[in-house]
Amino acid sequence: MGLLNGKFAIVTGAASPRGLGKATATLFAQHGATVAILDLDADQAAAAAADLPGEGHVGLACNVVDKAACQAAADELIAKWGAVDILVNNAGITQPLKLMDIMPENYDAVTDVSLRGTLYMTQALTPHFRERKAGSIVNLSSVSAQRGGGIFGGPHYSAAKAGVLGLTKASARELAPDGVRVNALCPGFIATDITAGKLTEEMRTQVLAGIPMGRAGTAEDVAGCALFLASDLSAYCTGTEVDVNGGSLI
Ligand code: NAD
């Protein structure tokens with residue numbers, strides 16, 4: 001069953017082969033969507049798009065911290081496809097720093113990608129979504145926002161992802177009358193390049209002890225929830241946050 005047949009979707013930060021964005025783009029394509037992968041490197045974005053099932057997918061270079069680049073990518077895709085239905089604001093970076101080690105450049109780098117990126121891509125597509133009276137935006141937050149930190153993210157990462165939740169709820173409230181939905185995903189400990197190779201065995205045991213389901217999540221676990229939020233299955237959901245964390249917050 002194609003939950004996204006005939007839909008056009010943009011996923012930012014989706015070139016990383018083991019990342020949540022790539023898994024989401026892949027599942028969307030399997031469900032009939034035409035997908036644009038936006039990432040820092042044009043060749044990597046194009047290669048990731050070529051790897052998706054089906055035809056017509058696009059890979060573009062777009063640094064989401066650059067407002068003009070976000071607008072240019074959105075305009076190019078609207079012109080090419082005639083419509084965009086779904087935006088997944090997935091690009092994000094993390095740094096495992098303690099409070100007192102965060103320098104201004106660390107703060108800027110981490111908050112810029114998650115917060116500015118989400119804001120700029122949302123702004124770039126909002127006039128189009130409003131005109132069509134439709135659109136589904138899925139923003140990547142994190143369990144780090146909900147419980148104040150985790151193993152991989154410093155306080156600046158928690159703050160950035162908490163900011164994403166605020167941005168999600170405020171934009172959901174503002175855009176609901178226009179038929180546009182905005183929701184957030186809060187993944188817990190997911191095995192991707194962001195987390196790979198960064199845990200000692202002792203840390204791993206400690207992390208898994210805090211997860212009632214007893215395992216790390218997979219990128220596919222997150223992609224399934226992104227599909228739910230992007231598709232009409234969640235037609236009456238906006239401003240919500242969906243936890244994908246194996247029960248970590250119970
Ligand atoms: P990843 O590092 O595998 O992929 C991130 C991608 O974002 C990369 O392809 C990178 O090139 C791209 N990117 C970085 N800066 C960019 C920019 N300025 N413009 C465009 N693209 C940029 O990360 P992931 O683990 O797949 O995480 C995806 C999202 O999920 C992130 O927002 C992350 O914070 C969030 N998240 C991840 C986990 C986890 O456990 N992996 C948990 C909670 C939340």
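If you're wondering where the values come from, they're calculated on a predicted model, not measured in any experiment.

**Q** So what's going on with the pattern of salt bridges? Residues and values would help.
**A** Opposite charge on two side chains permits pairing when their charged atoms draw close. Applying the stated criterion across every chain yields a total of seven salt bridges. With a shortest N-O distance of 3.1 Å, glutamate 241 and lysine 169 are connected by a salt bridge. Of this pair, glutamate 241 sits in strand β7 (residues 241–244) while lysine 169 sits in helix α6 (residues 155–175), and the two are 72 residues apart along the sequence. Two residues, arginine 215 and aspartate 221, come together in a salt bridge whose shortest N-O distance is 2.9 Å. Residue aspartate 221 is classed as partly exposed on the basis of its relative accessible area of 27%. If you follow the salt bridges from partner to partner, you end up with Arg130, Glu174 and Asp178 in one network.

**Q** So what's going on with the side chain of histidine 128? Which residues, and what values?
**A** Note on placement: histidine 128 falls in helix α4 (residues 104–132). A polar side-chain atom of histidine 128 sits 2.9 Å from the main-chain amide nitrogen of valine 84. The contact partners of histidine 128, leaving out residues within four places of it in the chain, are Ile78, Gly82, Ala83 and Val84.

**Q** Tell me about the site of the ligand, residues and numbers included.
**A** As a structural note, the neighbourhood of the ligand is formed by 27 residues, with Leu20, Asp39, Asn90, Tyr157 and Thr192 the closest of them. Here asparagine 90 contributes a backbone N or O atom positioned 2.8 Å from an oxygen atom of the ligand. Here an oxygen atom of the ligand and a side-chain polar atom of lysine 161 are 2.8 Å apart. The protein chains hide 91% of the 840 Å² of surface that the ligand would expose on its own. When grouped by side-chain class, the residues that make up the shell around the ligand number 13 nonpolar, eleven polar and three charged.

What counts as what
Residues numbered from 1 in each chain as written. Predicted model: local features only at pLDDT ≥ 70, side-chain atom pairs only at ≥ 80, totals over all residues. Heavy atoms only, no water. Salt bridge = Lys/Arg side-chain N within 4 Å of Asp/Glu carboxyl O. Helix = DSSP H or I, 4+ residues; strand = E, 2+ residues; numbered from the N terminus. Buried < 20%, exposed > 50% of the residue type's maximum accessible area, 1.4 Å probe, protein only. Polar contact = N/O pair within 3.5 Å; in protein donor to acceptor, adjacent residues only side chain to side chain. Contact = heavy atoms within 4.5 Å. Near = heavy atom within 4 Å. Areas by Shrake-Rupley, 256 points an atom, 1.4 Å probe, with all protein chains shown as cover. Nonpolar A, V, L, I, M, F, W, Y, C, P; charged D, E, K, R; others polar.

Any link to function would need more than the numbers given here.
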